[in-house]
Each structure stands twice: as C-alpha cells, then as structure tokens.
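As a plain string of letters, each chain reads:
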Amino acid sequence: MSAAYVALEGGSVVEARCRAPGTSHGELVFTTAYTGYEESLTDPSYEEQVLTFSYPLIGNYGVREERFEDERVHPRAVVARELTDDVASWLESEGVPAVDKLDTRDLVGQIREGGAMKCGISAGPDASPEKAKDALADCPGMSDHTDIGAQVSVSSQTTYEGGDGPDVALVDCGAKGSIVESLLERDATVHVLPYDVTPAEVADLDPDVLFVSNGPGDPANFEAAEALVSEFVGEVPLAGICLGQQIVARALGGTTEKMAFGHRGVNQPVRDLRSDKVVMTTQNHGYTVAEPGPELDVTQVNVNDDTAEGLESDDLQVLTRQYHPEANPGPHDTLGFFDDVVEMAGEQSRTPVTAD
Ligand SMILES: NC(=O)CC[C@H](N)C(=O)O
C-alpha cells in the first residue's frame, strides 16, 4: 500500500499509510469515541475538519447506511491508528483521503498541547511531504469559512409530517438526521429550513418552537440564524443543540469563544446544577459559550472544565444544550431533552407570530 504524509502547523510532517488516496487539508481535531464511527463520519459538524480517532481500531463492525447521520462523509480527511478495509473503501468511494499506521497517541498529544491546528494531507502513489505541506499552506482557518452553512444546509424547505405533536421550525445549520428523528418519534411535525431562512418565511409557518440545529465552524458565521433568533425570542419558544446553543446565546447578548481542542467523544460528564446529577453525554464542538448574556441561566456545566452545557430561560421559553442529546453515537441519558422541548412547545399560545 502506498504512503501518506500529514503536515502539521508548526512544521512537522508525520508519515503514515494511505488507506484512501487524495490531497486534502482542514482543522485537525480528535474524537475519543470508541464506537460510532459511521455516525461521526457523516456528522455535518465535521465539515472542513480532519478527524483523528484516538480509539485505535476503526471499522470493526462494518459500514451500514442506516447508521448515517447525513448522505455524505463530512470530514475532509480521516486519521486513525488502523482502519479496516470496509471503512477505507467507503472513504475511498466518497473521495475522502484516509491514512493509518501512524502514532495517533502522539498526534492527539500534540493537539492537546497546541490546540486544534491546520493540517495538510497527501496520500497515494504520488504522495509526498511537499504536497502535504502545500495543502497545509492553502488551508483556511475555521473562521474564514464565512458561508459554511451553505455547504451543509438544505437548499429549500422539507417538511416531515408528524402526529398530533407540535410544529417545529428546525433551522438546518448542518442538522444530524437523529435530531429530526428524535422529534418525529415524539409526534412533532418538522419543517427543516435552510440556514438562511428569513423571519417572514418562519412567520408563515407559525411554528410552536424555533429549533436551531448543530453545525460546523464558527457560530459567528451564522448571522442569518442569529438575526432570526433575535426576531422571535419571547414570541416563540426557542431550542438549540450545540451550534444552536451558541447561536441562541449570541442572539441574546452572549458571547462565544474558541476552545483549545474542544470536546469530541461519547463520555463527556455534564452536571445539572439544579438536581446535582451528572449525566454522560455525546459531544462534538470546538467553540463554547463564554458569556450567556443577561437573560439566560447556565443550568448545566461540563464537569471537566466548567463550560456551559445547558442554557435556559423560563420567562423567554429558551432551552438549549451544548452536547448532543440525540446521541448517535453515544449514551442515551439525555434523550429527555426532546420531551422537554415538545412540552415547552405545547405551552406555546396559539397566537400567530409576526415578523416585523
Ligand atoms: N456539533 C456542533 O454543532 C458544533 C458547533 C460548532 N461548530 C463548534 O465546533 O463548536
């Protein structure tokens, strides 16, 4: 099998084995998830990133489409200690370079020390360290992807009819399929809307809850969704997951900041400050809410670093989570979030909403 090279910010080049050929670049991040590679690789939040698995063997139970979170693979390249043939041929068919047989413990150590960093990858018969370095030199920073929503969102509204549950306006900033499924399982009707949907279009739907999805990149680059939340806060209940929490906080006067290497994995402990209970959560984020703004309470925090994991306002009917309650992959401890959102939406008075 042919060679591969991973060029890192800082100048070093790591040699590896090519498992799917190509040249690529992106923000090098790692996940500690030891299962759920199909879900992670199809999670739109990994757009423009190169995903390193810290768990050493990836692909040991095959590749099945029913576990996908979206129609395509989102990381720009994949790095693991060992990739099985199933995963390698899937990535090759998707045109996503993949490399293995390198010291991923060392690589993860470097990311923990230096933070998420740009990288360039060259893999295949013509691979060279120079090509990897050239790819690195061309790599934009994550915040430079100013219209990343367009890469992952639906281009027009898609409605999934539900039962007698609430009408959910889901702003698709790169939504995982499991979020839609979790709402449908609770009899909601889900209107999946483009990331830049206008207030007038949302008002036409007269939803019971405005729900901002997860998604890739810097939350500061989702200005339309932020403006939408500012428009409807106090008029329609608001929910958000991951990027959605960040956008809601920003819209309500809060701030977000980049973390050193983020949280990616399936065993992130989160404490609920009212019950004092700790739950295990699935996470995939590199930004965090620094200040929630004057109107939101931080109701849940990460046990490891105290970052905001849940924001709420009873008065304004706001309920957001930084982690992924829909799991997939990961523990199902927090699926109750969707029951809470449906309940909150049910409390919505049926007065028509207006966009002015
Ligand atoms: N999963 C997500 O929604 C990620 C949110 C955001 N892109 C971050 O990295 O923090």
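Just so you know, these numbers come straight off a predicted model, no measurement behind them.

A few points about the overall build of the chain
Of regular secondary structure, the chain possesses 10 helices and 19 strands. In summary, the chain has a C-alpha radius of gyration of 20 Å against a globular reference of 21 Å for 356 residues, a match within 12%. Overall, the chain is about 65 × 35 × 35 Å in size when its C-alpha atoms are taken along their principal axes. When contacts within the chain are restricted to residue pairs at least 6 apart in sequence, long-range pairs at least 24 apart make up 70% of them. Carbon and sulfur atoms provide 44% of the accessible area of the chain, an area that totals close to 14000 Å². Averaging the locations of the 23 positively and 64 negatively charged side chains of the chain gives two centres separated by 10 Å.

Examining the sheet that holds strand 16 (residues 278-291)
The strand order across the open sheet built from 10 strands is 10-12-11-13-14-19-18-17-15-16, with neighbouring strands paired in mixed fashion. For this open sheet the edge positions go to strand 10 (158-160) and strand 16, each flanked by a neighbour on one side alone. Pairs of neighbouring strands in the sheet enclose a mean axial angle of 20 degrees, with direction left out of account. With three bridges joining them, strand 15 (residues 255-272) and strand 17 (residues 297-302) adopt antiparallel strand pairing. Considered in strand 17, the bridge of Asp272 is made with Gln300. Along the sheet face, helix 9 (residues 243-251) touches strand 13 (209-212), strand 14 (238-241), strand 15, strand 16, strand 18 (308-313) and strand 19 (318-321) and points at about 40 degrees away from the line of strand 16.

Quick word on the confidence of the model for the chain
The share of residues in the chain with pLDDT of 70 or more is 97%, and the mean pLDDT across the chain is 96. Here residues 349-353 is modelled with pLDDT under 50, and outside its nearest four sequence neighbours on either side it reaches 11 contacts, counting other chains as well. Taken over the whole predicted complex, pTM reads 0.96, whereas the ipTM for its chain interfaces reads 0.98.

Overview of the sheet that holds strand 4 (residues 49-53)
The pairing of strands in a sheet happens through backbone hydrogen bonds and is either parallel or antiparallel. Pairing is mixed in the closed barrel, where seven strands are placed in the order 1-2-8-6-4-3-9. Each neighbouring strand pair of the sheet contributes to a mean axis angle of 35 degrees, computed without reference to strand direction. Both strand 3 (residues 22-31) and strand 9 (residues 117-123) contribute to a ladder of seven bridges, which runs antiparallel. Residue pairing across strands places Gly26 opposite Cys119, the latter belonging to strand 9. Contacting strand 1 (3-8), strand 2 (13-20), strand 3 and strand 9, helix 4 (residues 129-137) crosses the sheet at an angle of about 145 degrees to strand 9.

What about the side chain of Thr84?
Inspection of the secondary structure assignment puts Thr84 in the loop between strand 7 (82-83) and helix 2 (85-93). The exposure class of Thr84 is buried, given its relative accessible area of 18%. Among the polar contacts made by the side chain of Thr84, one reaches the main-chain carbonyl oxygen of Gly59 at a distance of 3.0 Å. Non-local contacts of Thr84, meaning those with residues more than four positions away in its chain, are made with Arg19, Leu57, Ile58, Gly59 and Asn60.

Quick word on the site of the ligand
Close contacts around the ligand come from 13 residues, with Gly215, Gly217, Asn284, Gly286 and Tyr287 the closest. One nitrogen or oxygen atom from the main chain of Asn284 is found 2.8 Å from a nitrogen atom belonging to the ligand. Interatomic distance of 2.8 Å between a backbone N/O atom of Tyr287 and an oxygen atom of the ligand. In isolation the ligand has 300 Å² of accessible area, and contact with the protein removes 97% of it. If you map the ligand onto the pockets, it falls in the largest cavity. Breaking the shell around the ligand down by element, the ones donating at least two residues are helix 9 and strand 16. Here the shell around the ligand takes four residues from strand 16, the largest share from any one element. When its residues are assigned to classes, the shell around the ligand shows four nonpolar, nine polar and no charged.

Describing helix 9
Summarising burial for helix 9: eight of the nine residues are buried, a large majority. Buried residues of helix 9: Leu243, Gly244, Gln245, Gln246, Ile247, Val248, Ala249 and Ala251, and no others. Within two residues after helix 9, Gly253 carries a phi angle of roughly 90 degrees, on the positive side.

Reading guide: rules and limits
- Residues numbered from 1 in each chain as written.
- Predicted model: local features only at pLDDT ≥ 70, side-chain atom pairs only at ≥ 80, totals over all residues.
- Heavy atoms only, no water.
- Helix = DSSP H or I, 4+ residues; strand = E, 2+ residues; numbered from the N terminus.
- Rg over C-alpha atoms; globule rule 2.2 N^0.38 Å.
- Contact = heavy atoms within 4.5 Å.
- Areas by Shrake-Rupley, 256 points an atom, 1.4 Å probe, with all protein chains shown as cover.
- Lys, Arg positive; Asp, Glu negative; His and termini not counted.
- Charge placed at Lys NZ, Arg CZ, Asp CG, Glu CD.
- Pairing = 2+ DSSP bridges.
- Axes fitted to C-alpha atoms, helices over the stretch in contact; angles between N-to-C directions.
- pLDDT = per-residue confidence, 0-100.
- Buried < 20%, exposed > 50% of the residue type's maximum accessible area, 1.4 Å probe, protein only.
- Polar contact = N/O pair within 3.5 Å; in protein donor to acceptor, adjacent residues only side chain to side chain.
- Near = heavy atom within 4 Å.
- 1 Å grid on protein atoms, 1.4 Å probe; cavity = no way out; pocket = protein on both sides within 12 Å on 5 of 7 lines; lining within 4 Å.
- Sits in = over half its atoms within 2 Å of the grid points.
- Nonpolar A, V, L, I, M, F, W, Y, C, P; charged D, E, K, R; others polar.

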